[in-house]
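Understanding the architecture of this molecule
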Amino acid sequence: MIGGTGRGRRRGRAASSLPTSTSARGTERSVSCWYCDCKIYAFNDSLFRLGSKYARSMKAWFSIGVSLSLISLVGIFLMLLWESIGVFYLRSGYLSAWLKNLMTSGHSISVVVVDTTIIIISTVLSIAFHEFGHAIAAASEGVEIEYVAIFVMVLFPGAFVALNYDLLQNLPFFSMLRIYCAGIWHNIVLCAACVLMTLLLPVVLCPLYVSGDGLMVTKIPQTSPLSEYLSAYDVIRSVDGLKITRTDEWIKILNQDTTAKSNAPEFLEGSQRYVPTNSGKGYCVPDSWVDASKNLWQVSDRLPCPAELIAFEKAISKDSAIFTKKTSRDSNQKELEGKYCLIAKDVVKLRKCGNGWRMSEDDGNSRGCFEDEYCLVPVLTRGFSWIEVSYAKPYSLECLQRKGNLSSPSRSANNDLGQSPCEGSFVYVGDLLSAARSVRLSAYRPRWTLLFLADIPYILENGFSSLFHASAALAVVNCLPVYFLDGEAILETSLSYVAWFSRRQQRKILKVCCFVCTVLLVITFSRIFYSTTLYYGFV
């Protein structure tokens, strides 16, 4: 949590005297059972000189931040109010979804060390830039800086700038707003800088890296379900025939495939009842394959297909949905009649059918089968999904010996499967979300075999992303009139402009707003924490 400028001071604590010598008293510490801090005095003179030297420019700079901060305060308060109303209707709003995305996106559980380091550094930089804004704004107004404090309250870290309370209270209201809004304004600027750097990243990395032709696997642990198929420095080219170039596309495609379930009702055709299938991805299998395939299924489904074979079943299309026959478990007939064991690597070369495939812009193939073909779909366990992944091995020894590279457009993964040592394809059946989060991917790969540079784009991409999210979250939380945060001081100072409110009415409005926003914020973060634990399967 971030303490505002002079938060405790404005609440009546005794003013601390400015130390006469920063060299004699550089830091001071205080520790209790729930709170500890470290007060730093070494930056006082430097910050005050910097703010005083460019006072006129700083005042103009922070005046821009006042207007944006006030607009943000009103907008985020309304969003939080709307979010809290949604609690009673059991729905999640935009603010909750955005904050949840902040906590869950862009980081993989399997690479805790790297991602945790990035998050910690991003949080420290966001807090430092926030408090730097408060300190410089105060110095430009002639307010002395008493100390900069770094604290940990329970388990939550934070920082604040303590100012000379008497000088602060004697300032005009707009000057006070410039100081209180400076931290939020600096966080907004930091977010804009992160967006700009992210947009310029392809240009900056262009001399040493290639982008736009797939996602390179920078790390894949042995515990990953994809480690059987992929290795470090492989390049994922497409999923289900769709080319992917960004890491968010990888997560989005696999997440959609997991959550996409058919809501079509059962229907009766003749004496046979049909039910929606778990997989809408089918293949047009010739009659000769079906006739030649041995039906290895017995009365129950306990007999699996032999090794290297996967079970398929016949399906029909109706109203843009895929259905399979429903059999009764009480019947004496073969309840799994019509299911066949086929070689997956041969089946994936065939034409596709069904509504589960994603159509690319240049895909003009029909999703129907010819008269001499059957539409067969894989038999999947509940909770499992089926995807085709095509990949390349540009840095493998065989590929380098043949001077293979990814400079030319790749062909379809369903053609010439396994003919090139530089390219390949596989079918993965399982939990897609766990597979997606188990690998670390980068949209950039080295132009040459300088593989020790492979992690740099990932660190930069996730560093800018994490810094953006941390800074944005810090700005959002401090915009709200919550106890001990900047929003409380901003609202209190803004109410002083309203002439028709007495001082007593202003204090009541401030107390009510702070209490309501604090409670709503706690509720929102509690929901986010609970949904995040469910997302990662901790509960």
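Model, not experiment: these values are computed from the prediction.

By the secondary structure assignment, W61 is in helix α3 (residues 55-87). What W61 contacts, discounting residues up to four positions off in sequence, is W185, H186 and V189.

Residues in a regular strand project their side chains so that they alternate between the two faces of the sheet. Here strand β17 (residues 385-392) lies mainly inside the structure; eight of its eight residues are buried. Burial along β17 is two-sided: the face carrying S385, I387, V389 and Y391 and the face carrying W386, E388, S390 and A392 are both buried. Two elements, strand β6 (residues 235-239) and β17, share four bridges in a ladder whose sense is antiparallel. Note that in β17 the partner of V239 across the bridge is V389. Bridging between β17 and strand β18 (residues 423-430) involves eight bridges; their strand directions are antiparallel.

The next thing to look at is the state of the cysteines. Applying the stated criterion across every chain yields a total of three disulfides. Between the sulfur atoms of C284 and its disulfide partner C369 the distance amounts to 2.0 Å. Disulfide C284 to C369: torsion about the S-S bond roughly -85°, handedness left-handed. Taken together, the positions of C284 in strand β10 (residues 282-286) and C369 in the loop between β15 (352-353) and β16 (373-378) put the pair 85 residues apart, joining distant regions of the chain. A residue is classified by how much of its surface remains accessible, and C284, at 1% relative accessible area, is buried. Taking relative accessible area as the criterion, C369 reaches 29% and is therefore assigned partly exposed.

Here we come to helix α2 (residues 44-53). Among the residues of α2, N44, L47 and G51 are the ones counted as buried. Down the axis, α2 shows its buried residues gathered within 80° of arc, on one side only. Of the exposed residues in α2, the ones pointing more than 90 degrees away from its buried face are R49 and K53.

Per the counting criterion, the structure on display carries 13 aromatic pairs. Ring centres of Y41 and Y147 lie 5.8 Å apart, and the angle between their planes is 65°; this geometry places the pair in the edge-to-face category. Within this pair, whereas Y41 is found in the loop between β2 (35-40) and α2, its partner Y147 is found in strand β3 (residues 145-153), the two being separated by 106 residues in sequence. When its relative accessible area of 5% is taken as the criterion, Y147 is described as buried. When the ring of Y483 is compared with that of F484, the centres are 6.4 Å apart and the planes differ by 50°; the resulting orientation is tilted. Members of the aromatic cluster, joined through ring pairs, are Y41, Y147, F151 and F160.

So, on to the pattern of salt bridges. Evaluated as defined, the whole model comprises eleven salt bridges. Put simply, R178 and E141 hold a salt bridge, and the shortest N to O gap is 2.7 Å. Residue R178 is located in helix α7 (residues 173-205), and its partner E141 is located in the loop between α5 (112-140) and β3; the two are separated by 37 residues in the primary sequence. Of the two residues, R178 and E141, both sit in the buried class. The closest approach of N and O atoms between R445 and D213, which form a salt bridge, is 3.1 Å. Of the two residues, R445 sits in strand β19 (residues 440-446) while D213 sits in strand β5 (residues 209-219), which places them 232 residues apart along the sequence. For the pair shown, R445 and D213 are each scored as buried. Taken together, the salt bridges that share partners define one network made up of R246, D248 and E249.

Rules of the game
- Residues numbered from 1 in each chain as written.
- Predicted model: local features only at pLDDT ≥ 70, side-chain atom pairs only at ≥ 80, totals over all residues.
- Heavy atoms only, no water.
- Helix = DSSP H or I, 4+ residues; strand = E, 2+ residues; numbered from the N terminus.
- Contact = heavy atoms within 4.5 Å.
- Buried < 20%, exposed > 50% of the residue type's maximum accessible area, 1.4 Å probe, protein only.
- Pairing = 2+ DSSP bridges.
- Disulfide = S-S within 2.5 Å.
- Arc of directions from axis to C-beta.
- Phe/Tyr/Trp six-rings, centres within 6.5 Å; stacked < 30°, edge-to-face > 60°.
- Salt bridge = Lys/Arg side-chain N within 4 Å of Asp/Glu carboxyl O.

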